[in-house]
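# Residue-level structural notes
In case you want the letters, here they are:
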Amino acid sequence: MFVCCCIGVTDRTIREAIAAGAQTTEAVSACTKAGTRCGSCRPEIEEMLAEARQLARTHACPEQACPEQLADDESDGPLAPSPRRLPILAA
Ligand code: FES
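Residues numbered from 1 in each chain as written. Predicted model: local features only at pLDDT ≥ 70, side-chain atom pairs only at ≥ 80, totals over all residues.

### Details of the overall build of the protein chain
Here is the rule: A run of DSSP states H or I qualifies as a helix once it reaches four residues; a run of E qualifies as a strand once it reaches two. Both are numbered from the N-terminal end. Residue burial here comes from a neighbour count, namely the number of other C-beta atoms, placed from the backbone, that lie within 10 Å of the residue's own C-beta, with 20 or more meaning buried, 12 or fewer meaning exposed, and in between meaning partly exposed. Contact between two residues is assigned when their C-beta atoms, built from the backbone, lie within 7 Å.
Along the protein chain, the regular secondary structure elements total four helices and two strands. Going through the 91 residues of the protein chain one by one, you find that 22% of them count as buried. Of the contacts formed within the protein chain by residues at least 6 apart in sequence, a portion of 52% connects residues at least 24 apart.

Next up, the structure:
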């Protein structure tokens, strides 16, 4: 499904950029060019980022990390690259 019709960027491409570490709309735009023309797709990109953050929280397994590590993870931000926290996002 196209998220950015101006540039022709799909939800899959945006999810791949997020999974690769893009944490902001600006970062997704820099990677994919989505949102760089009219900007009407930017709210949807922001929603996809929020969903990814929620999935990362849901799939984080607190039993595999000590409390100090979890505190460190939170200080890096909600989408800090970590194999344990990055879900596989299939289109
Ligand atoms: S729809 Fe994405 S920039 Fe216009």
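### With respect to helix α3 (residues 42-59)
How we decide: For a helix, the expected span equals 1.5 Å multiplied by the residue count minus one. Directions are taken from the helix axis to each C-beta atom, and the arc is the one they span.
If you check α3, its first and last C-alpha atoms are 26 Å apart, about what 18 residues at 1.5 Å a residue would give, namely 26 Å. Where α3 is concerned, the buried positions are Ile 45, Met 48, Leu 49 and Ala 52. One side of α3 carries all its buried residues, which in axial view fall inside an arc of 100°. Seen from the open side of α3, the exposed residues pointing more than 90 degrees away from its buried face are Pro 43, Glu 47, Ala 50, Gln 54, Arg 57 and Thr 58. Those residues of α3 hidden inside the fold are in contact with β1 (2-4), α1 (11-19) and α2 (25-32).

### Description of the environment of Glu 44
Within the secondary structure layout, Glu 44 lies in helix α3. The sequence separation of Glu 44 and Asp 11 amounts to 33 residues, and the corresponding C-alpha distance is 9.5 Å.

### Considerations on the confidence of the model for the protein chain
As a reminder, the rule being used: Scored between 0 and 100, pLDDT is the confidence that the predictor attaches to each residue.
Across the protein chain, the average pLDDT comes to 81, with 66% of residues at 70 or higher. Per-residue pLDDT stays below 50 along residues 82-86; that stretch engages in nine contacts with residues further than four places along the chain or on separate chains.

### Notes on the packing of α1 against α3
Helix-helix packing is described using two parameters, namely the angle between the two axes and the distance between the axes. Which entries qualify depends on this criterion: Axes here mean lines fitted to C-alpha atoms, for a helix over just the part in contact, with angles spanning 0 to 180 degrees between N-to-C directions. Our angle categories are set so that under 35 degrees counts as roughly parallel, over 145 as roughly antiparallel, 65 to 115 as roughly perpendicular, and the remainder as oblique. Handedness of a crossing is defined here by the sense of rotation of the near helix relative to the far one, left-handed for an anticlockwise turn of less than a right angle and right-handed for a clockwise turn. Residue polarity follows a fixed list, in which Ala, Val, Leu, Ile, Met, Phe, Trp, Tyr, Cys and Pro are nonpolar, Asp, Glu, Lys and Arg are charged, and the others, Gly among them, are polar.
Orientation of α1 relative to α3, taken along the N-to-C sense of each, is 50°, at an axis distance of 11 Å. In terms of orientation, α1 lies oblique with respect to α3. Considering the relative orientation of α1 and α3, their crossing is right-handed. Seen from α1, the contacting residues are Asp 11, Ile 14, Arg 15 and Ile 18; seen from α3, they are Ile 45, Met 48, Leu 49 and Ala 52. Considering only residue class, the contact of α1 with α3 consists of six nonpolar, no polar and two charged.

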